[in-house]
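Secondary and tertiary structure notes
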Amino acid sequence: MGTLQGHPKGLYLIFATSTAERFSYYGMRAIFILFLTQALLFDTESAASIYGSYTGLVYLTPLIGGYIADKYWGIRRSVFWGAVMMGIGQLMMFLSASMLDRVVLSHWLMYGGLTFLILGNGSFKPTVSSLVGQLYKPGDKRLDAGYTIFYMGVNVGSVIAPLVCGYFGDTGNPEDFKWGFLIAAFMIVLTILLFETQKNKYLISPTGEPLGMRKKKRR
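Rules of the game
- Residues numbered from 1 in each chain as written.
- Predicted model: local features only at pLDDT ≥ 70, side-chain atom pairs only at ≥ 80, totals over all residues.
- Heavy atoms only, no water.
- Helix = DSSP H or I, 4+ residues; strand = E, 2+ residues; numbered from the N terminus.
- Rg over C-alpha atoms; globule rule 2.2 N^0.38 Å.
- Expected span 1.5 Å × (residues − 1).
- Buried < 20%, exposed > 50% of the residue type's maximum accessible area, 1.4 Å probe, protein only.
- Contact = heavy atoms within 4.5 Å.
- Axes fitted to C-alpha atoms, helices over the stretch in contact; angles between N-to-C directions.
- Nonpolar A, V, L, I, M, F, W, Y, C, P; charged D, E, K, R; others polar.
- Salt bridge = Lys/Arg side-chain N within 4 Å of Asp/Glu carboxyl O.
- Phe/Tyr/Trp six-rings, centres within 6.5 Å; stacked < 30°, edge-to-face > 60°.
- Parallel < 35°, antiparallel > 145°, perpendicular 65-115°, else oblique.
- Left-handed = near helix turned anticlockwise from the far one by under 90°.

Right, let's get into the overall build of the protein chain. What the protein chain contains, in helices and strands, is 7 helices and 0 strands. The secondary structure elements of the protein chain, listed N-terminal to C-terminal, are α-α-α-α-α-α-α. Taking 219 residues into account, the globule formula puts the C-alpha radius of gyration at 17 Å, and the protein chain, at 18 Å, falls close to it. Projected onto its principal axes, the C-alpha positions of the protein chain cover 55 × 50 × 30 Å.

Written out as structure tokens, the structure reads:
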């Protein structure tokens, strides 16, 4: 008996996109502080401060992103633009790691990449999970299992990512950090492609209406 048997097909899509996005996030984070100390040559205290500020803002911005999605963008636009901003952020991290000989530019690319990653995460994280509940009718007993499956995807991405990005990025050669960031960038691009090409087919409510659209204001 398949784990996903009997669940809405949209759960497959949310599972896949969340796995890819969390892979991108945790893959970058796994090598980030090493990149700061070994490639950009920050001292440990400064690197820890940057890392702490980044992770703190990552947990703060979903409050803002959820409000914007609810009031202005809708879930679909928030997921898309959140993923796009994260993609830009990961590519800027790749460029930062590719220009270590140009110290000032490399540092500014790193800070710019973090900014886009923070903003993108704020838009993506609080919205994609809310789609899971909308796939089921109120009172549907499968909902708890659906959320369990969704979080399995999140955990799969977060466990595999450090192993893969660490293997290719943390080789002992500072020049190789860029490959870890490039893999993270590829995974967020995959997230965008999966979501944009399949959302209209699978993100459907139990009554047949498209999910994640912006709610029209009543007059």
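Another point: helix α7 (residues 177–202). Over its 26 residues, α7 extends 37 Å from the first C-alpha to the last, a length consistent with the 38 Å expected when each residue adds 1.5 Å. Regarding α7, the residues found buried are Phe177, Lys178, Gly180, Phe181, Ala184, Ala185, Met187, Ile188, Thr191, Ile192, Phe195 and Lys199. Taken together, the buried residues of α7 touch α1 (10–39), α3 (75–98), α4 (103–128), α5 (130–134) and α6 (143–169).

This brings us to the side chain of Thr127. Mapped onto the elements of the fold, Thr127 is located in helix α4. Under the relative-accessibility criterion, Thr127 is labelled buried at 2%. Setting aside chain neighbours within four positions, we find Thr127 in contact with Ala69, Ile75, Ser78 and Val79.

Right, let's get into the packing of α6 against α7. For the pair α6 and α7, the least separation of the axes is 6 Å and the interaxial angle reads 145°. Along the contact surface, α6 presents Val164, Cys165, Phe168 and Gly169, while α7 presents Phe177, Trp179, Gly180, Ile183 and Ala184. Partitioning the contact of α6 with α7 into residue classes produces 7 nonpolar, 2 polar and no charged.

For the rest of this paragraph, the subject is the pattern of salt bridges. Side chains that differ in charge, positive against negative, can pair when their charged atoms come close. Per the stated rule, a full pass over the model turns up 3 salt bridges. With a closest N to O distance of 2.7 Å, Arg22 and Glu21 form a salt bridge. This pair shows no difference in class: Arg22 is buried, exactly as Glu21 is.

Turning our attention to α3. The first and last C-alpha atoms of α3 sit 34 Å apart over 24 residues, in line with the 34 Å expected at 1.5 Å per residue. Within α3, 17 of the 24 residues are buried, which leaves the element mostly enclosed by the surrounding structure.

Let's shift gears to the packing of aromatic side chains. By convention here, two paired aromatic rings are described through the distance between centres and the angle between planes. Under the criterion given, the structure shown has 13 aromatic pairs. Residues Phe32 and Tyr54 carry aromatic rings whose centres are separated by 5.9 Å and whose planes lie at 65° to one another, so their mutual orientation is edge-to-face. Pair noted here: Phe32 is in helix α1 and Tyr54 is in helix α2 (residues 44–73), with a separation of 22 residues, a long-range link. Aromatic pair Phe150 and Tyr151: ring centres 4.9 Å apart, planes at 65°, arrangement edge-to-face. Given a relative accessible area of 43%, Tyr151 falls into the partly exposed group. In this structure an aromatic cluster arises from ring pairing among Tyr25, Tyr26, Phe32, Tyr51 and Tyr54.

Let us look at the environment of Ala97. Locating Ala97 in the fold gives a position in helix α3. Residues Ala97 and Leu36, 61 residues apart in the sequence, show an inter-C-alpha distance of 9.8 Å. Setting aside chain neighbours within four positions, we find Ala97 in contact with Phe35, Phe177, Lys178 and Phe181.

In this section: the packing of α1 against α3. Two elements in contact, α1 and α3, have axes separated by 12 Å at closest approach and are oriented at 30°. As the angle between them shows, α1 and α3 are arranged roughly parallel. As for how α1 packs across α3, the hand of that crossing is left-handed. Counted together, Glu21, Ser24, Tyr25, Met28, Phe32 and Phe35 of α1 and Met86, Gln90, Met93, Ser96 and Ala97 of α3 form the full contact between these two elements. Class assignment for the residues of the contact of α1 with α3 results in 7 nonpolar, 3 polar and 1 charged.

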